[in-house]
Structure formats: structure tokens, C-alpha cells
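Coordinates in review
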Amino acid sequence: MLTDLKAAKKVTGAKQVTRALKNGTARLVFLAQNADPRVTEPIEILCREQGVATEAVDTMSALGVACGIAVGSAVAAIVE
């Protein structure tokens, strides 16, 4: 699924992903396992509430690379 992230319309970062979840445009959320839980846990809870699937990614750097950015990312989402 991480390979799908490269070609899909996406958002990265906690604020953007939270906004996408609240707007109902997030379809799949990726969470980096080595990210600070204070960042990822609220988003994971919001995903459960909204019924949006989540996928674990090993590292923030791997998620950043998949998103095509030069830095790591704690969270990212595929959006409509």
C-alpha cells in the first residue's frame, strides 16, 4: 500500500491529515511507528471514529520518501 502513496493525491503532516479526516476526504492514513505517540495517537483515534483505515509504516523517513518529500513524516493520508 505504501507504493500507492507515491502516485495518489495525498496530504502529509498532522494538521493536514487531521483536516482531511474532519472534512471526510481522507481514504487511508499512514502512521509512522517511530513517530511521537502524542502526534499519532489522536489521529489514530480520529480514524477509528471516522471509519478510516490506517496502515503502519516502519519509520518516519520511509513515509517521507514515499510521499516524495526530503524529510520524515509522522503521518500521511491518501485523499479524494
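Reference entry: report on the structure contained in this document. (Residues numbered from 1 in each chain as written. Predicted model: local features only at pLDDT ≥ 70, side-chain atom pairs only at ≥ 80, totals over all residues. Heavy atoms only, no water.)

**Thoughts on the sheet that holds strand β3 (residues 53-57)**
Threshold: Think of it this way: DSSP has to see at least two bridges between two strands before they count as a pair. Counting from the N terminus, the helices are the DSSP runs of H or I reaching at least four residues and the strands are the DSSP runs of E reaching at least two. Between the N-to-C directions of two axes lies an angle of 0 to 180 degrees, each axis being a line fitted to C-alpha atoms and, for a helix, fitted only over the stretch in contact. The contact definition used throughout considers only heavy atoms, calling two residues in contact when any of these lie within 4.5 Å.
One open sheet accounts for four strands, arranged β1-β4-β2-β3; its pairing is mixed. The open sheet is flanked by β1 (10-12) and β3, the only strands paired with a single partner. Averaged over all pairs of adjacent strands, the angle between their axes in this sheet comes to 20°, without regard to strand direction. In terms of strand pairing, strand β2 (residues 26-32) meets strand β4 (residues 75-79) through five bridges, oriented antiparallel. Within the sheet, the bridge partner assigned to A26 lies in β4 and is V79. Each of β2, β3 and β4 touches helix α3 (residues 37-50); the most contacted strand, β2, lies at about 150° to it.

**A look at the side chain of S73**
So the rule is basically this: A 1.4 Å probe rolled over the protein chains alone gives each residue an accessible area, and that area as a share of the maximum for its type sets the label: buried under 20%, exposed over 50%, partly exposed in between. Polar contacts here mean pairs of N or O atoms no more than 3.5 Å apart (in protein, one a potential hydrogen donor and the other a potential acceptor; neighbouring residues in sequence count only if both atoms are side-chain atoms).
Checked against the element boundaries, S73 lands in the loop between α4 (60-67) and β4. Take S73: its relative accessible area is 4%, and that puts it in the buried class. Among the polar contacts listed, one links the side chain of S73 to the backbone oxygen of V75, at a separation of 2.7 Å. The residues touching S73, leaving out its near neighbours within four places in the chain, are T12, G13, A32, M60, L63 and G64.

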